[in-house]
Amino acid sequence: MRILLCCSMGMSTSIVVAAMKRAAAEQGKNYQISATDVNSVDEEDEVPDVVLVGPQVAHALKQVQEQVSGTDAKVAIMNKTDYGNVDGAAILKFAEEIAGV
């Protein structure tokens, strides 16, 4: 599964990406997890299965949905508490639920 996180500049989510990668590795899951900024979602080489929007840019949800329209990508806003606590396992589980995995 390919998971893309997006925030204002793609930097704050990089910490969450690292936590999610650790959680996935601990669970024996080989997911592609990366981060970008909300204006660059449609510039990714591969279409993600799930795009998770940082809570600090929740206002950009519609913009992100428009960038992936015409694809099968699912878009959702990350839980503010899980994001703030950098709970990679919880956010990974949320991504799996969104993707139906």
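Residues numbered from 1 in each chain as written. Predicted model: local features only at pLDDT ≥ 70, side-chain atom pairs only at ≥ 80, totals over all residues. Heavy atoms only, no water.

- An unreviewed UniProt entry annotates the protein chain as PTS EIIB type-3 domain-containing protein originating from Hungatella hathewayi WAL-18680.

**Concerning helix α4 (residues 88–99)**
In step 1: Compared with the 16 Å implied by 1.5 Å per residue over 12 residues, the 16 Å span of α4 between its first and last C-alpha is a close match.
In step 2: Taken residue by residue, α4 has G88, I91, L92, A95 and E96 as its buried positions. Viewed along the axis of α4, the buried residues span an arc of 145°, placing them on a single side of the element. When the buried face of α4 is taken as reference, the exposed residues oriented beyond 90 degrees from it are K93 and E97.
In step 3: Structurally, α4 contributes buried residues whose contacts are with β1 (2–7), α1 (12–26), β2 (32–37), β3 (50–53) and α3 (80–84).
In step 4: Just beyond α4, the residue with positive phi is G100, at close to 80°. (Helix = DSSP H or I, 4+ residues; strand = E, 2+ residues; numbered from the N terminus. Expected span 1.5 Å × (residues − 1). Buried < 20%, exposed > 50% of the residue type's maximum accessible area, 1.4 Å probe, protein only. Arc of directions from axis to C-beta. Contact = heavy atoms within 4.5 Å.)

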